Amino acid sequence: MKKLSPLKISIIGFAVALNIVGAFIALNLRLPIYMDSIGTIMIAFLMGPVYGVITGIIGSFISGITFDIYSIYFAPVQIFVGLLGGIMFKGGFMKGYKMPFGVLILSIFSSLIGAIIAAFLFNGVTSSGSSYIVTIISNLGLNKVISVFLVQFITDYIDRFISVALILPVVLSLPERFKHKIIRS
């Protein structure tokens, strides 16, 4: 990875802000989705997986020390979203008719990581609005880990689909010379 230019730092800062604002809105409205990876996905698509990972880690850390301590523990999910999201975008799996399938693959693996963290560190109960759903399902008799994974997968898929659907048109509509300027800087 080359030295970070002021342009790259500014774009990453904007993406981190998107993650933080999205997470703050979802947390305070108790939404069953997270909205904390919009910026991570944007950077992964625009600048590549390594920068997506950086964005996800910084966003998780800042959210974790400011308003949602749970966010720090879920940094591995952000790392995976940035890494796999960038790789899949570059491979064409996040464009056109392949997009729902690409989001599905991303969601399966990120949900597995998130479910392991939520189930074993927090017994399935975190700051997310989806914790209410986990509690209901597990009280119906389903195993806690399976309950967490099921809810995590559904909410992750919806969350990632919305994020990709919002970011993809923006990234694809940017002029090529701007994208090249970012990459070269």
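Before reading further, recall that the structure is shown in the block above.
Now for a description of the structure that goes with this document. (Residues numbered from 1 in each chain as written. Predicted model: local features only at pLDDT ≥ 70, side-chain atom pairs only at ≥ 80, totals over all residues. Heavy atoms only, no water.)

### Overview of empty space enclosed by the protein
Consideration 1: Scanning the model with the defined rule gives 2 cavities of 30 Å³ or more in all.
Consideration 2: There is about 390 Å³ of room inside the largest cavity.
Consideration 3: Taken together, 26 residues form the lining of the largest cavity, with Tyr34, Asp36, Phe74, Thr126 and Ser128 sitting closest to its centre.
Consideration 4: Within the residue set of the lining of the largest cavity, elements represented by two or more residues are helix H1 (6-28), helix H4 (70-73), helix H7 (130-139) and helix H8 (144-173).
Consideration 5: Per-element accounting of the lining of the largest cavity gives the leading share, 4 residues, to H8.
Consideration 6: Here the residues of the lining of the largest cavity sort into 12 nonpolar, 10 polar and 4 charged.
Consideration 7: Here the second largest cavity is characterised by a volume of approximately 40 Å³.
Consideration 8: Residue lining of the second largest cavity: Asn19, Ala23, Asp36, Gly56, Gly59, Ser60, Ser63, Ser71 and Gln78, and that is the complete set.
Consideration 9: Elements represented by at least two residues in the lining of the second largest cavity include exactly H1 and helix H3 (49-66).
Consideration 10: A total of 4 residues in the lining of the second largest cavity trace back to one element, the largest contributor, which is H3. (1 Å grid on protein atoms, 1.4 Å probe; cavity = no way out; pocket = protein on both sides within 12 Å on 5 of 7 lines; lining within 4 Å. Points joined across faces, edges and corners; volume = space filled by probe spheres on them. Helix = DSSP H or I, 4+ residues; strand = E, 2+ residues; numbered from the N terminus. Nonpolar A, V, L, I, M, F, W, Y, C, P; charged D, E, K, R; others polar.)

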